[in-house]
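Given next are the chains, with one letter for each unit.
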Amino acid sequence: MPLETAERRPAEGYTAGMVKRPPLAVLTVLAGLYFALGSTGPAAAQVAPDTQRTIPPAENLPALGLNAAALRGGDRYSNCINTPVNEAACHLDTVVFDQPAGANGKTSQAAHRIDVSAFGPGLSLGNMGGWRVNKVDVEFLNVANRGISQAHSLFLYKHAAGDTMGSYNYVYSDGGSTALSDESIKGDALDMGETTGYFHGSIAATAGTGDTVPALKFVSGNDWTTDGAPLLDITQGKISGRIMGAGSSVAGITLGVMKVDNELPLSTAWGVCENEIPNNNLVQKIAPFTCNVRLRAGSFTAGGTVCVSGPNYPEQARITAASVASGDHQKITIEVRNPNSAGANIFQGGVCGQYISFDANLAVTGYRSSYYAFGAVDPHQLIYGYNFKGQVIADLPMASEAERFGVEGRNGYHLYPGCEVITNRSLKDDPVCEVNEVPWAVGDLVEAPHNVVVNTVGHFTDLTQNSPSNGSLSSVDLVEFHGMGAVGNNFIAHRTVNLNDYKIFDRFGGMLGAPEMHRVEGYFSTGFSFGDAPGALIRIYGNPDHSNDPMTLFALPGGEITWNPATSTLRVPRIEARNLGGSSASASAALRGRSDVIGGSPLALGSCATGVVSIPGATRSMVPVSAAETNGAPGFSAQGGFQVSAQVTAPDRVTVSVCAVIAGTPRPSQYIVALE
C-alpha cells in the first residue's frame, strides 16, 4: 500500500522535516506519573534525568534560533551522549522497576505507553479515492553508508519463570475488505527486498583520469549511489567478446578463469602477498602497507594502481614503492583500506580496475552485473572473482543467471572501468570513489549498479533450546486457527505464490532456472506428520502451461517417479512390493515375524512400550521394517502421539518400540516385522 501524501504535510507550527514529538522532559514526567500512580513501592519507578537535547534536521536549525556549527561542530552530533552500551543516543530514557505495581502487584509496568483514539468520518475508496490512515507511530531511517542498519533492536533478557515474548500484538477488526487494493486483516505485513532500479547518469564535471569525486548528473533510475557497490563508466568500456567456457584453473588461488574469444591486455605484474594485511581501523581511509610478494608474472613498478583481489576484501590501491625484484620475490608498498588474509593476489596493469558485465543478464533482467576483472597473463584467459560474505570466490555463471558460457547468444560480455563507492556524502548521487585509473570525461554515461551478491530473507528465526521439550510440543513455527469462517478452499493455512511468469524459466523456453519452493536440510525422523489423514496428501492441479506433459512426482537417488496425465500412468524405474501380512511366496521367503500386542496402557512423554520378535537369521546389519496389524495403531492426536521403530538388538531378535511424543495411550496392536 503506498504511503499517502497526506502524511507528508507538516503539522501547524512545525517546519517540514521536523519530527513532531513531545520534548523528552515531558515524556519523562508523564512516564514517572504513570508508573507512580500504579505503584505501591517507594521506588517503583526511577527515571533518569533529561540530559540530552533533541537534534532537529539541519535545515531547521536557523529557524529555531540554533547555531548549526555549534550544535553539530567538532565530532558531529557530539551532544548525542554515549549510553552504557556505548551507543550514540540522542534520546535516552532509563527506567528501573524494583517493586511490583498496584495494590495486588498485577498492574503492568511499561517504560513507554501511547494511547491513540480515532473516530469521525473515514475514507476507504482504495485506488479510486484513497484511505483515511491512522497510525500510532511513523518512523523513517534513511541510510547511505555500509554496515548494519536496524530500524528497531530489542534486547530482552529475563531471569524468571513465566511467558517471555519479544513481541506480542493483539490485532482485531470487524470492518471487512471492501475497497480496491484492501489488504484485509493482517497480524503482520512486511514489504521488503532489494531496491528496484539503479542510478543511470553522466559525468557533469571531473578532474579526469583517476578522479575519486567526479560530479554526477542524474538521468534515470534511482538518484543515489550505493556505498560498497561500483560506479562504472559505460562510455569508456572498450573491451567485449564472448565467453567460451571456463579457462584453465590456477593452482593455489580461489580466483576463476574465463576463456574468451577476444584478446585481452595483459597484466604487467602478478604476485601473491605473503603477509597478512591488517585492519587499519581508519574507516575507508588508506594506510601504507609493505608486502613481501612472490611473483607469478612480471614485476611491479611504483606509481599508478594495483588490484588487491582478496582473499577477503578486493580493492584498488595506490602502489607507492617497489623494490628491485630478487628472483621470484619483490617488496612493494601499497596504500590500502581493507584487511586481507595472507595470500592476496595482486595485479598491476591490463584489465585491473575493470568490471565484467554479462550481456544476457542485462537483456533478461535489466540489471547489469559487475564482477571483478583482476588480470590476464594469457590474452584469452580472464582472471576474475567476486566477494561473497567476506571471501572472494569464482563459480560463475550462477544458476540464477541468464549468462551461459559457450552458449551462442547467451555468452556475450563487456568490460567497463570503474571504482568502488567508498563514501556517500549525502543521500543523493554524491559519492567518493576508491583510487582508480578510470579515464572519466565530461558527458560520459555512468551507472551505479547493485552489488552482484544479494541475499534476501523474508523471515529469519534462530531458535535455541537446551532443556527437554515439554508435552506441548516446542516448535520453531506454530500456527493455530479457528472460527467457522476459517474453512473451505478459500482459507489456506500456508500459501506461497511465485508471481514470476513461468515462461521465464528454462523448462518452458526461458533463460532462468526456477526456484525451489521449500527445502529441508538436516535429519528429521518424519518429513510430514498428520494426526488426521488429509483429503489428499498432495494435490497437483496441472502443468503451468496447461499441457499434458508428464510430471515428476519424486526425484530420488537412482531414478524418478513420474505421472503422465494424458494416459493416467504412474511410471517408476523399478518396483518391488511385498505384503508383510500375507502368505505369498515372496513374503514367506523374507525374514519376518509377528510381535505380541504392544500398547493399550498409558505412556508418559518420552516413554516407550516394547515387544520382542524372534526372527531366525536376523543380524545387526539388517534393516527391519514394521507395520501395525490394527488399523490406525498406534495413533497420533492431541490426546496421544506415538512413533514406531524397530531394531535388531541381538542375533535372531528384533525389538519393536512404540514411544510417546505426546503423552497418551497407544492403540494396542501386533506388529509385523520384515528384514532385508
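Just so it is clear, the model here is predicted, and its values are computed rather than measured.

(A) Broad picture of the state of the cysteines. Under the counting rule described, the total for this entry stands at 4 disulfides. Each sulfur of the disulfide joining cysteine 273 and cysteine 291 lies 2.3 Å from the other. On the S-S bond that ties cysteine 273 to cysteine 291, the torsion sits near -85°, and the link is left-handed. Residue cysteine 273 is located in strand 12 (residues 269-273), and its partner cysteine 291 is located in strand 13 (residues 287-298); the two are separated by 18 residues in the primary sequence. Accessibility classification places cysteine 273 together with cysteine 291 in one group, the buried group. The residue that forms a disulfide with cysteine 608 is cysteine 659, at a sulfur-sulfur distance of 1.9 Å. On the sign convention where negative is left-handed, the bridge of cysteine 608 and cysteine 659, at about 105° about the S-S bond, is right-handed. Of this pair, cysteine 608 sits in strand 29 (residues 608-614) while cysteine 659 is found in strand 33 (residues 653-662), placing the two residues 51 residues apart along the sequence.

(B) View of unusual backbone geometry. In this chain, leucine 396 is followed by proline 397 through a cis amide linkage whose omega measures -5°. With an omega dihedral of 0°, the bond running from alanine 633 to proline 634 counts as a cis peptide bond. Note that proline 634 resides in the loop between strand 30 (624-628) and strand 31 (636-637). Here valine 283, not a glycine, exhibits a phi torsion of approximately 55°, which is positive. Along the chain, valine 283 turns up in the loop between strand 12 and strand 13. Here valine 283 falls in the exposed class, since its relative accessible area comes to 68%. Although it is not a glycine, glutamine 284 sits at a positive phi angle of roughly 65°. Along the polypeptide, glutamine 284 turns up in the loop between strand 12 and strand 13.

(C) Geometry of the sheet that holds strand 14 (residues 305-308). Taken in spatial order, the 6 strands line up as 12-13-16-15-14-17 and close into a barrel, and their pairing is antiparallel. In this sheet, neighbouring strand axes are inclined to one another by 45° on average, regardless of whether the strands run parallel or antiparallel. When strand 13 meets strand 16 (residues 329-336), the two strands line up antiparallel, connected through 8 bridges. Residue threonine 290 lies in a different strand from strand 16, and its bridge partner there is threonine 333.

(D) Structural context of the packing of aromatic side chains. Summed over the entire model, instances satisfying the criterion amount to 12 aromatic pairs. Between tyrosine 355 and tyrosine 372 the ring centres are 5.6 Å apart and the planes differ by 40°, which places this aromatic pair in the tilted class. In this pair, tyrosine 355 is assigned in strand 18 (residues 354-358) and tyrosine 372 in strand 19 (residues 371-378), connecting sequence segments 17 residues apart. Each member of the pair, tyrosine 355 together with tyrosine 372, is buried. With a centroid separation of 5.5 Å and an interplanar angle of 20°, the aromatic rings of tyrosine 372 and phenylalanine 374 are classed as stacked. By the burial criterion, tyrosine 372 is buried, and phenylalanine 374 matches it.

(E) Spatial organisation of the sheet that holds strand 33. Strand order across the open sheet formed by 4 strands is 29-33-32-31, with antiparallel pairing between neighbours. Where the open sheet ends on each side, the last strands, each with one partner, are strand 29 and strand 31. Of the pairings in the sheet, the one linking strand 31 to strand 32 (residues 640-650) comprises 2 bridges and is antiparallel in character. Each bridged residue has a counterpart across the sheet, and for serine 637 the counterpart in strand 32 is glycine 640.

(F) Here's a closer look at the pairing of strand 20 (residues 381-388). Taken across its 8 residues, strand 20 has 6 buried, putting it largely inside the fold. Across 4 bridges, strand 11 (residues 256-260) lies against strand 20 in antiparallel orientation. Note that in strand 20 the partner of valine 257 across the bridge is isoleucine 383. As defined by bridge partners, strand 19 adjoins strand 20 across 4 bridges and the pair is classed as antiparallel. Residue pairing for strand 20: tyrosine 372 is matched across the bridge by glycine 385. The turn joining strand 19 and strand 20, which pair antiparallel and follow one another in sequence, is formed by 2 residues. The pairing of strand 20 with strand 21 (residues 391-393) spans 3 bridges and is antiparallel.

(G) Spotlight on a nonpolar patch on the surface. On the surface, a cluster of nonpolar side chains totalling about 1100 Å² of accessible area is made up of Phe528, Phe530, Leu537, Ile538, Ile540, Leu553, Phe554, Leu556, Trp563 and Leu570. When residues in the nonpolar patch are grouped by element, the largest group, 3 residues, is from strand 25 (residues 551-556). Within the secondary structure, isoleucine 540 sits in the loop between strand 24 (445-448) and strand 25.

(H) Focus on the pattern of salt bridges. What the rule picks out here adds up to 16 salt bridges. Ionic pairing is found between glutamate 420 and arginine 337, a salt bridge with its closest N-O pair at 3.6 Å. With glutamate 420 in strand 22 (residues 412-424) and arginine 337 in the loop between strand 16 and strand 17 (344-348), this residue pair connects regions lying 83 residues apart in the sequence. Among the residues examined, glutamate 420 registers a relative accessible area of 7% and is labelled buried. Judged by relative accessible area, which is 5%, arginine 337 ranks as buried. Linking arginine 337 and glutamate 434 is a salt bridge whose minimum nitrogen-to-oxygen distance equals 3.2 Å. With arginine 337 in the loop between strand 16 and strand 17 and glutamate 434 in the loop between strand 23 (431-433) and strand 24, this residue pair connects regions lying 97 residues apart in the sequence.

Cut-off values and rules
Residues numbered from 1 in each chain as written. Predicted model: local features only at pLDDT ≥ 70, side-chain atom pairs only at ≥ 80, totals over all residues. Heavy atoms only, no water. Disulfide = S-S within 2.5 Å. Helix = DSSP H or I, 4+ residues; strand = E, 2+ residues; numbered from the N terminus. Buried < 20%, exposed > 50% of the residue type's maximum accessible area, 1.4 Å probe, protein only. Pairing = 2+ DSSP bridges. Axes fitted to C-alpha atoms, helices over the stretch in contact; angles between N-to-C directions. Phe/Tyr/Trp six-rings, centres within 6.5 Å; stacked < 30°, edge-to-face > 60°. Patch = residues over 30% accessible without salt bridge, like charges linked within 9 Å, V, L, I, M, F, W, Y side chains within 5 Å. Areas by Shrake-Rupley, 256 points an atom, 1.4 Å probe, with all protein chains shown as cover. Salt bridge = Lys/Arg side-chain N within 4 Å of Asp/Glu carboxyl O.

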